[in-house]
Each structure stands twice: as structure tokens, then as C-alpha cells.
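Listed here are the chains, written in short residue letters.
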Amino acid sequence: MQRFKKLLAAPTTPSFLTGVILLAMVASQAMADTLLTVSGDVSETDAGAKWQFEESDLRALPKVQFETDTIWTEGTQVFEGVSLSALLTHVGASDGDLLATAANDYTVSIPTTDAVENGPMIAYLRNGEKMSLRDKGPLWIVYPFAGNDAYKTEEYYSRSIWQLDRIEVVANE
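Residues numbered from 1 in each chain as written. Predicted model: local features only at pLDDT ≥ 70, side-chain atom pairs only at ≥ 80, totals over all residues. Heavy atoms only, no water.

Chemist: Just to check I follow, could you spell out the overall build of the chain for this structure?
Modeler: Broken down by element type, the chain carries 5 helices and 10 strands. Residue burial in the chain is summarised as follows: out of 173 residues, 38% are buried. Relative to all contacts within the chain whose residues are 6 or more apart in sequence, the contacts with residues 24 or more apart total 57%. Accessible surface, the chain as shown: approximately 10100 Å² in total, 52% of it carbon and sulfur. (Helix = DSSP H or I, 4+ residues; strand = E, 2+ residues; numbered from the N terminus. Buried < 20%, exposed > 50% of the residue type's maximum accessible area, 1.4 Å probe, protein only. Contact = heavy atoms within 4.5 Å. Areas by Shrake-Rupley, 256 points an atom, 1.4 Å probe, with all protein chains shown as cover.)

In C-alpha cells form, the structure reads like this:
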């Protein structure tokens, strides 16, 4: 342990271990900054057919906001984020299904036909606050349940995935 502390305390002494530690720290910071990855049948980016969004990238997209109640929260909540429709248009997603996956690897299939005007959003704020991982965040696909009985079914409740961190677009055949 003393040798490890000594290596870190002496930046003028190059070592393989120091390099590995610094590389791991940079890689973990880059992964931590990415809130959402969208892959699959989408348009190409500079890095290939995979889009990685940091919070600032999501906030740069057209913002939507609505008030709704949910079966998981008490009272009316105000959600703010990017509409699912705008996100799919931005990444050039094909028609088909979205395999939306949470941080705990829970996955749900959402048809791209759900991505309509005044439809679901990928929320990054609830009641003006960021959502922690423990509080269904940092991203939550939310449907506007209030005033729309068509969304108040088990089918749509199951699509309201929280702790969202990746979406794979699977095109219709």
C-alpha cells in the first residue's frame, strides 16, 4: 500500500500502474457523463451507429413539459425532458421497436408508433429537480397519463421505464 501511495504522490516517476489508473479514471468519467445511449437502426454518427447523450445534449433538443399523475408517485407531477418523437427524429431512427433498458438491465419493448406529438417523453426533470438513480432517474420515459385514458393501461404503464440508460432501435422487417 505504501508503494502505491508513493507512486501516486510522485507524478514525476512514470509507471505503468499510474498510467493504468489515470486511464481508468478518464474512462469511468466519460461513461459517467453519458446518460443515454441510442443504438441499432439509427443514422451514423462520427462514432458509428451509436449515439451517446450527456445531459447537455438532451437539454439541447426541443424541450417538452407536462403535468400528470402516475401510479408510482403521489399527486400531480411536472415532468420536463425531450419528447420521444424528437429524440427518434434526431437520431434518424427507423420504424419498428425500441428496446428500452434501465440501469438494472430491465428491458421493455416500445413500438416507435408511440412516439407521437403530445405523447411520451424522456424526462430528465421531475418537479424542476433532477432525478437520482434511487428516485427513478436520471431518465424516465413518461406518458401523459392525465387526461388520456388510452394511456392508463398495463400496456403503457409497463412502457414507462425509469432509470433508462439505453435504447436499441430494431427496424420493422
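Chemist: Please clarify how the side chain of Thr112 should be interpreted in this entry.
Modeler: Note on placement: Thr112 falls in the loop between β6 (107–111) and β7 (121–126). Given the relative accessible area of 9%, Thr112 is considered buried. With residues near it in sequence (within four places) discarded, Thr112 still touches Leu88, Ser94, Asp95, Gly96, Asp97 and Leu98.

Chemist: Where do I start with the pattern of salt bridges in this structure?
Modeler: One side chain can pair with another of opposite charge once the charged atoms of both are near each other. Applying the stated rule across the entire model yields 8 salt bridges. The residue Arg166 makes a salt bridge to Asp105 at a minimum N-O spacing of 2.4 Å. One end of the pair, Arg166, is in strand β10 (residues 164–171); the other, Asp105, is in the loop between β5 (96–102) and β6, with 61 residues separating them in the sequence. Here Asp114 ties to Arg159 by a salt bridge, and the two come within 2.7 Å at their closest N and O atoms. Pair noted here: Asp114 is in the loop between β6 and β7 and Arg159 is in helix α5 (residues 154–159), with a separation of 45 residues, a long-range link. Given the relative accessible area of 7%, Asp114 is considered buried. Beyond isolated ion pairs, a larger network of salt bridges with shared partners links Glu55, Arg59 and Lys130. (Salt bridge = Lys/Arg side-chain N within 4 Å of Asp/Glu carboxyl O.)

Chemist: I tried to follow the packing of aromatic side chains on my own but got confused; where do I start?
Modeler: One pair of aromatic rings is described through two measures. These are the centre distance and the angle between the planes. A full pass over the atoms with the stated rule returns 12 aromatic pairs. Where Trp51 meets Phe53, the ring centres are 6.1 Å apart and the plane angle is 10°; that geometry is what we call stacked. The exposure classification of Trp51 matches that of Phe53, with both residues buried. Residue placement shows Arg159 over the ring face of Tyr156; its charged tip is 4.9 Å from the ring centre. (Phe/Tyr/Trp six-rings, centres within 6.5 Å; stacked < 30°, edge-to-face > 60°. Lys NZ or Arg CZ within 6 Å of the ring centre and 35° of its normal.)

Chemist: I'm lost on the nonpolar core in this one. Help?
Modeler: Soluble globular proteins tend to pack their nonpolar side chains together in the buried interior. In this structure, Leu36, Val38 and Ile122 are the most contacted members of the largest nonpolar core, which totals 34 residues. Considering every element that reaches this core, the biggest residue donor is helix α4 (residues 84–91), with 5 residues. With residues up to four places along the chain from it excluded, the contact list for Ile122 reads Leu36, Glu80, Gly81, Val82, Leu84, Leu87, Leu139, Trp140, Ile141, Leu164 and Ile167. Among the nonpolar cores identified, the runner-up in size contains 7 residues, and Phe66, Phe79, Ala123 and Trp140 belong to it. (Core = buried A, V, L, I, M, F, W, Y, C linked by side-chain atoms within 4.5 Å.)

Chemist: What exactly am I supposed to notice about the sheet that holds strand β2 (residues 50–54) here?
Modeler: Remark on secondary structure: sheet strands pair via backbone hydrogen bonds, oriented parallel or antiparallel. Strand order in this open sheet of 5 strands is β2-β1-β10-β5-β6, and the pairing throughout is mixed. Unpaired on one side and paired on the other, β2 and β6 mark the two borders of the sheet. Taken over all neighbouring pairs, the strand axes of this sheet differ in orientation by 20° on average, direction set aside. Bridging between strand β1 (residues 34–40) and β10 involves 4 bridges; their strand directions are parallel. Bridging from a neighbouring strand, Ser39 pairs with Glu168 of β10. Across the sheet, α4 touches β1, β2, β5, β6 and β10, and the angle it forms with β2 is around 130°. (Pairing = 2+ DSSP bridges. Axes fitted to C-alpha atoms, helices over the stretch in contact; angles between N-to-C directions.)

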